[in-house]
Structure formats: structure tokens, C-alpha cells
Amino acid sequence: MTAAKPAGSNKIATLTGPDGKVTQLPIIDGSVGPSVIDVRKLYNDTGYFTYDPGYTSTGSCESKITYIDGDQGILLHRGYAIDELAEKGDFLEVAYLILNGELPTADQKAGFVQNVTYHTMVHEQMTQFWRGFRRDAHPMAVMCGVVGAMAAFYHDSTDITDPRQREIASYRLIAKMPTIAAMAYKYSVGQPFMYPQNKLSYAENFLYMMFGIPCEDYKMSPVLGKAMDRIFILHADHEQNASTSTVRLAGSSGANPFACIAAGIASLWGPAHGGANEAVLEMLAEIGSKDKVGEAVKRAKNKDDNFRLMGFGHRVYKNFDPRAKIMQKTCHEVLGELGIKDPLLDVAMELEKVALQDDYFVQRKLYPNVDFYSGIILKAMGIPTSMFTAIFALARTVGWVAQWREMIEDPQQKIGRPRQLYTGAAKRTYVPVEKRR
Ligand code: CMC
């Protein structure tokens, strides 16, 4: 295939089929980053599908929200670099930006914060749901169930054709997610649910609902509040990853927003995606001590062993993960501030050192990703491992909601319906059971 530039600014790619038939495919330029070959008419024109099972070369939609350059280690939300947002902004400001396309003015920010703050309580009757779960249920299982069930409570924001209802559903999801996640934790330890406190920031409120108890005052550490806010910012959106694509695909059929976000939570749960920060801690526990790090690195390099270093590598970032750089700094700040001595954290620091110097990891550009450091910070904060992915989910809700809204508002939107390369049996005749061998 060749990319040529005919007269005018429109570029065309030509595809020559096995029968010599030449098909012209338009090339569409984005504002930055790779252009795409528009294959929408390919099947009609040639009878061929494209084949790309892991979507490594396939753009599934047009989006204005997040830009990633994996080779350069760049992550932009609406054009703003993640490092600048994490350094100078706060989570709700970044959420406003991701949702609305521009940084808010002071008045817009105050209005947005007020709206989110006043939607943080869940319907009181919803608290009954928790009783149906076992105390040892994984928080992500609880989140999938409860968020999906929000559609059963908030009927007045499930009409996706009404922009106002879409907006209210967005506020409800973003505001209630920390409450639901903290309730999942409280239920697992048998403590009473804590109502949100409107005087606290979004991140502080989450820590309060996690660690506060009704019988004494909760003393908020500003360092931990800031670190939590930063973790939220760094996980807010990440372009068309597995869970976001799941939200878009679920939403493309016209499903209500609560169902779509529940689908995103389910997808995020996997260890190759959001489950990685939990898997990092499990791996550190499996390694056990600093002196066993060399052995673990050796196993990760052995192709006959399916052990991988969790928290290393990324599908898109093949140089470094810009979020990991910020998380690494925050991680060292939090560990310093808390003066924590935990052998697992020593294992983590040793692993970081050894893997960053090892040829196998250097050559394959396998660097610690954001989940490596966020897992360590969350552990240092006293958050149980099983809550890590739930925290990722609550932060990513902003991105899911923004991407879902962008999709619904796109006039070209259609139901997502991938095709396949079929390699099963061709048509055959049914054989009655008594005649089968
Ligand atoms: N440990 C050891 N080897 C690895 C690792 C790892 N963590 N990751 C990749 N490799 C090797 C892999 O075996 C392959 O080697 P070779 O070329 O010799 O066959 C090479 O590196 C390329 O790997 P890949 O599997 O083709 O890369 P991918 O883009 O398909 O996978 C990944 C990306 C994130 C799934 C993978 O790196 C991984 O499993 N990492 C651990 C899980 C993890 O930390 N996931 C969180 C990702 S960040 C959070 C998010 O955005 O959701």
C-alpha cells in the first residue's frame, strides 16, 4: 500500500487486491498524531474486512478529549500536558476540563464543585443492596452491581436523548462513585457507612468516608489528601483503552449511562488493565524480600514462565509513562512524609532499581507504569489492596462519562459492530444423536 498526495490537501492511500483491482482509501488527518486510513467503505468496495484483533492499528472513533504519544511519553487532556495539570490543578478542575473542553473560570469551577458536592449521597434505599453481598466480596464486584443498579433508582436521568438528563447522570456518577467505593470498603470491614462531608474536597471526602468512624473525629492529612487527588488526576482519562472502549461500545446501542459505566468497571477489573495496581502488590508479596528480586526478574525474562513483572510495560507507552514520572515523585513524597517502614515497599524500590538497569527491560522499553507507583502509595496510605482498582474506577469515571457523552453527541455515531475472520466449520448437516460417533 502506498500513501500518495494528489492535487489539493486530501491524501489518498491505494490498495491493490490480489485480483489487481485498485481501491482508493481516503486519509484523514487529526490535529496532531498519526493520520488514519478511512476503511469504512472497504468491505463494500472490495469484499474484504480489515483484521486487527488487539486494535493495535485501528482507530475506533474520532475524539477531542485526550491525546497520547506513546513514543514521546506525552499525555494531553484537551491540549494540556498531564504534568502541568497534576502540578497546578486539582481533580475537579481537571474533570471539568475533560468533560467540557476548557479549563473553568473561577465561577464555573465553583458551580461545578457545588454540583458534584451536592450529589455525593446515594439514595438511602440503595444502602440495602450491600446486605446482599458477602462481606468478603471484591469491591469491584460490588461496584459493578451497585453502579449498574443506579439505573433502577435514577430513572429521571436515563433518557440519553435529553442533554440535561445526560448532564445530571454525569454529575451523579462522578459524585457518587467515591461514596459507593468507600461503602464497599466499609461493608467489607463491618464498619458503619460514613455520609459524605460537603466541607471536604473530593479526594479528602473519599479518605474521610474510607477511614472516618462515627465515634471520633477524623484527622485529615493534607499530604495524603493531595496524593489522593493526584492519583485521581492521573487516572482520569486515557483515550480509547479497554474500559473506555467498552463504555463506548455498550453506549453505542443506546444503553443508559449507569449500565455503560458498570460495563467499564467490569472491563477495568482485569489484571492487564486496572487490576494491575492490585496485581503489583500481590506480586511484591509473592517476591517477599529484597534478596529475592533478582530471582523474580529472571523469571519475568523466561519465556517458558508466564510470570510477568506487574506494573511494568504499557501497550501505548513504549518509552516512559508520563503519569508514572509524576506518581514516582508523589510516591517518594508520601513514603518520606509517613516515614513508613514496610518490607514490601523495600522490595518495590529494589525491583524498580534492578529492572531499570536490566537489558531485557531496557531493550523492550519496559518501564514502571503508573500502576506500579500508585499501588505502592495506596498501600502506604493504609488502603487495602482489593480497593486499588475501585479507586482507579472512581477516577476513570470522569473519562468514561466524557467519552460516552462525546460519542452520543457525535452525529456520525452508530452502533459498534466489529466484524471477524471466521475460521470455524463451514456449513454442515445436523446428525441425530444416535448416529453420532
Ligand atoms: N514483564 C515481563 N515481560 C514483559 C512485560 C512484563 N510486565 N510486559 C511485556 N513484556 C515483554 C513481552 O513478553 C514481550 O517480549 P518479547 O518481545 O520477547 O516476546 C515484549 O515485552 C512486548 O510485550 P507485549 O505483551 O507484546 O506488550 P503489550 O503491549 O501487548 O502489553 C501490557 C502491554 C501492559 C499488557 C504488558 O506490558 C503487561 O502485561 N504488563 C503487566 C501488567 C500491567 O502492569 N498492566 C498495567 C498497564 S498500565 C494501566 C492501564 O493503562 O490500564
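Scroll up for the structure.
Residues numbered from 1 in each chain as written. Predicted model: local features only at pLDDT ≥ 70, side-chain atom pairs only at ≥ 80, totals over all residues. Heavy atoms only, no water.

Draft legend 1. Representation of the site of the ligand. Neighbouring residues of the ligand: 20 residues in total, closest His-273, Arg-308, Leu-309, Gly-311 and Phe-312. Note that a nitrogen atom of the ligand is positioned 2.7 Å from one of the backbone N or O atoms of Leu-309. Relative to its unbound accessible surface of 940 Å², the ligand loses 76% to contact with the protein. Here the shell around the ligand is built from residues that sort into eight nonpolar, five polar and seven charged. (Near = heavy atom within 4 Å. Polar contact = N/O pair within 3.5 Å; in protein donor to acceptor, adjacent residues only side chain to side chain. Areas by Shrake-Rupley, 256 points an atom, 1.4 Å probe, with all protein chains shown as cover. Nonpolar A, V, L, I, M, F, W, Y, C, P; charged D, E, K, R; others polar.)

Draft legend 2. A look at the pattern of salt bridges. Counted by the stated rule, this structure contains 17 salt bridges. Measuring nitrogen to oxygen at the nearest pair gives 2.7 Å for the salt bridge that ties Arg-134 to Asp-136. Per residue, the accessibility class of Arg-134 equals that of Asp-136, and both read exposed. The partner of Arg-164 in a salt bridge is Glu-167, and the shortest N-O contact between them spans 3.0 Å. With Arg-164 and Glu-167 both in helix α6 (residues 163-189) and three residues apart, the pair spans about one turn of that helix. By relative accessible area, which is 29% here, Glu-167 ends up partly exposed. It is possible to trace a salt-bridge network through shared partners that takes in Asp-90, Glu-93 and Lys-109. (Salt bridge = Lys/Arg side-chain N within 4 Å of Asp/Glu carboxyl O. Buried < 20%, exposed > 50% of the residue type's maximum accessible area, 1.4 Å probe, protein only. Helix = DSSP H or I, 4+ residues; strand = E, 2+ residues; numbered from the N terminus.)

Draft legend 3. Focus on helix α13 (residues 322-338). Over its 17 residues, α13 extends 25 Å from the first C-alpha to the last, a length consistent with the 24 Å expected when each residue adds 1.5 Å. Within α13, the full set of buried residues consists of Pro-322, Arg-323, Ala-324, Ile-326, Met-327, Thr-330, Cys-331, Val-334 and Leu-335. On its buried face, α13 is in contact with β6 (74-77), α2 (82-88), α8 (222-234), α14 (343-357), α16 (370-380) and α17 (388-408). Its side-chain oxygen at 2.9 Å from the backbone nitrogen of Arg-323, Asp-321 defines the N-terminal cap of α13. (Expected span 1.5 Å × (residues − 1). Contact = heavy atoms within 4.5 Å.)

Draft legend 4. Representation of the sheet that holds β6. Sheet architecture is open: three strands sit in the order β5-β6-β7, paired in antiparallel fashion. Of all strands in the sheet, those bounded by a partner on one side alone are β5 (66-69) and β7 (80-81). Summarising the sheet, β5 and β6 pair through four bridges and their orientation is antiparallel. Following the sheet pairing, Ile-68 is matched in β6 by Leu-75. (Pairing = 2+ DSSP bridges.)

Draft legend 5. Just the pairing of strand β3 (residues 22-28), in detail. A one-sided burial pattern is seen for β3, the buried positions being Thr-23, Leu-25 and Ile-27 and the unburied ones Val-22, Gln-24, Pro-26 and Ile-28. A loop of five residues connects strand β2 (residues 11-16) with β3, the two strands running antiparallel in sequence, and Gly-20 in this loop sits at a positive phi of about 85 degrees. In the sheet, β3 pairs with strand β4 (residues 36-37) via two bridges, with the strands oriented antiparallel. Opposite Ile-27, over in β4, you have Ile-37 as the bridge partner.

Draft legend 6. Looking closely at α8. Counted at 1.5 Å a residue, the expected span for α8 with its 13 residues is 18 Å, and the 18 Å between its end C-alpha atoms agrees. The buried fraction of α8 amounts to ten of the 13 residues, a majority that puts the element mostly inside the structure. Buried positions along α8 lie against α2, α3 (91-100), α7 (202-211), α13, α16 and α17.

Draft legend 7. Here's a closer look at the pairing of β6. If you look at the hairpin formed by β5 and β6, you'll find four residues sitting between the two strands, and Gly-73 has a positive phi there, around 70 degrees. As paired strands, β6 and β7 are joined by two bridges and run antiparallel to one another. If you follow Leu-76 over to β7, its bridge partner there is Ala-81.

Draft legend 8. Geometry of the state of the cysteines. Taken as a whole and judged by the stated rule, the model has zero disulfides. For the unlinked cysteine Cys-61, the closest cysteine sulfur is that of Cys-260, found at 14 Å. Of all cysteine sulfurs, the one in Cys-260 lies closest to Cys-144, which takes part in no disulfide; the gap is 13 Å. Cys-144 gets classed as buried once you look at its relative accessible area, which sits at 19%. (Disulfide = S-S within 2.5 Å.)

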